[in-house]
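Report on the structure
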Amino acid sequence: MMQTEQIKLKYENLNDAGFIGALKGLVNHKTDDFTLAYKLKKILDKVNAESTKAGKEWDKKLATVEYTEVENNGRKEKQPKDMEAFEKMQAEFTALECEVGNQFKVHFNEIVGYKMSAADMLCLEPILTGYDVLEKGNEDGKEKSN
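We now examine the overall build of the protein. Assigned secondary structure in the protein consists of six helices and four strands. When its helices and strands are written in sequence order, the protein yields α-α-α-β-β-α-β-α-β-α. Whereas a compact globule of 146 residues would reach a radius of gyration of roughly 15 Å, the protein reaches 20 Å, over 25% beyond that. Overall, the protein is about 65 × 30 × 25 Å in size when its C-alpha atoms are taken along their principal axes. A buried classification covers 29% of the 146 residues belonging to the protein. Restricting the contact set of the protein to residue pairs at least 6 apart, pairs at least 24 apart contribute 65%. Positive and negative charge centroids in the protein, built from 22 and 27 side chains respectively, lie 5 Å apart.

Okay, the pattern of salt bridges next. Applying the stated criterion across every chain yields a total of eight salt bridges. Residues Glu5 and Lys105 are paired through a salt bridge, measuring 3.2 Å at the closest nitrogen-oxygen approach. Here the residue Glu5 occupies a position in the segment before helix H1 (11-14), and Lys105 occupies one in the loop between helix H4 (83-94) and strand S3 (106-107), the gap between them amounting to 100 residues. Of the charged contacts in the structure, one is a salt bridge between Lys39 and Glu110, with a shortest N-O distance of 3.3 Å. Here Lys39, found in helix H3 (residues 34-62), pairs with Glu110, found in the loop between S3 and helix H5 (118-123); they are 71 residues apart in sequence, far enough to count as distant. Each member of the pair, Lys39 as well as Glu110, carries the same accessibility label: buried.

Axis separation between H3 and H4 bottoms out at 12 Å; the angle between their running directions is 160 degrees. As far as their axial angle goes, H4 and H3 are roughly antiparallel. In this structure, the crossing between H3 and H4 has a hand that is right-handed. Here H3 contributes Ala54, Glu57, Trp58, Lys61 and Leu62 to the contact with H4, which in turn contributes Phe86, Met89, Gln90 and Phe93. Of the residues in the contact of H3 with H4, the class split is six nonpolar, one polar and two charged.

Glancing now at the pairing of strand S1 (residues 67-72). As paired strands, S1 and strand S2 (residues 75-80) are joined by six bridges and run antiparallel to one another. The residue bridging Tyr67 from the neighbouring strand is Pro80, located in S2. Hairpin connection of S1 to S2: two residues between the antiparallel strands, including Asn73 at a positive phi of 55 degrees.

Formed by 30 residues in total, the largest nonpolar core has its most connected members in Leu9, Leu23, Leu26, Val47, Ile111, Ile127 and Leu128. The residues touching Leu128, leaving out its near neighbours within four places in the chain, are Leu26, Lys105, Val106, Phe108, Ile111 and Met116.

Running from N to C, helix H2 (residues 17-28) and H3 point in directions that differ by 150 degrees, and their axes come no closer than 10 Å. The angle between H2 and H3 places the two elements in the roughly antiparallel class. Considering the relative orientation of H2 and H3, their crossing is left-handed. Contacts between H2 and H3 pair Phe19, Ile20, Leu23, Lys24, Leu26 and Val27 from the former with Leu40, Ile43, Leu44 and Val47 from the latter. Grouping the amino acids of the contact of H2 with H3 by side-chain chemistry returns nine nonpolar, no polar and one charged.

What counts, and where the lines are drawn
Residues numbered from 1 in each chain as written. Predicted model: local features only at pLDDT ≥ 70, side-chain atom pairs only at ≥ 80, totals over all residues. Heavy atoms only, no water. Helix = DSSP H or I, 4+ residues; strand = E, 2+ residues; numbered from the N terminus. Rg over C-alpha atoms; globule rule 2.2 N^0.38 Å. Buried < 20%, exposed > 50% of the residue type's maximum accessible area, 1.4 Å probe, protein only. Contact = heavy atoms within 4.5 Å. Lys, Arg positive; Asp, Glu negative; His and termini not counted. Charge placed at Lys NZ, Arg CZ, Asp CG, Glu CD. Salt bridge = Lys/Arg side-chain N within 4 Å of Asp/Glu carboxyl O. Axes fitted to C-alpha atoms, helices over the stretch in contact; angles between N-to-C directions. Parallel < 35°, antiparallel > 145°, perpendicular 65-115°, else oblique. Left-handed = near helix turned anticlockwise from the far one by under 90°. Nonpolar A, V, L, I, M, F, W, Y, C, P; charged D, E, K, R; others polar. Pairing = 2+ DSSP bridges. Core = buried A, V, L, I, M, F, W, Y, C linked by side-chain atoms within 4.5 Å.

Here is the structure:
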């Protein structure tokens, strides 16, 4: 099945343990469809490469932050001197789109047989398509159970 919807990811997706865990679960699922397996591998490779790049970029941003020492439960800790500016910087950084190249979303019909939780489905939304198929009922008005 030819997909035309490109994947769009933000740095926030790369930092989301749920997204990464669900993606790895999907990648580790054995399938007879070698094209799908290759497509998933390419998506994971791109996510890993962009995660490395994002980590380096974030480290550069952190190097520009001024810190102050504060006491927390009897221990001295460093925290950004201007917490509001730091939180704004962090929000802007996580909202940045990352480069995913020519990677297209996977349609639900391509992963028939893969068992996922509703949480996995939500986490994988950036790389899956076909949610509209799940919204449709069958002829007698009952929802599909696939």
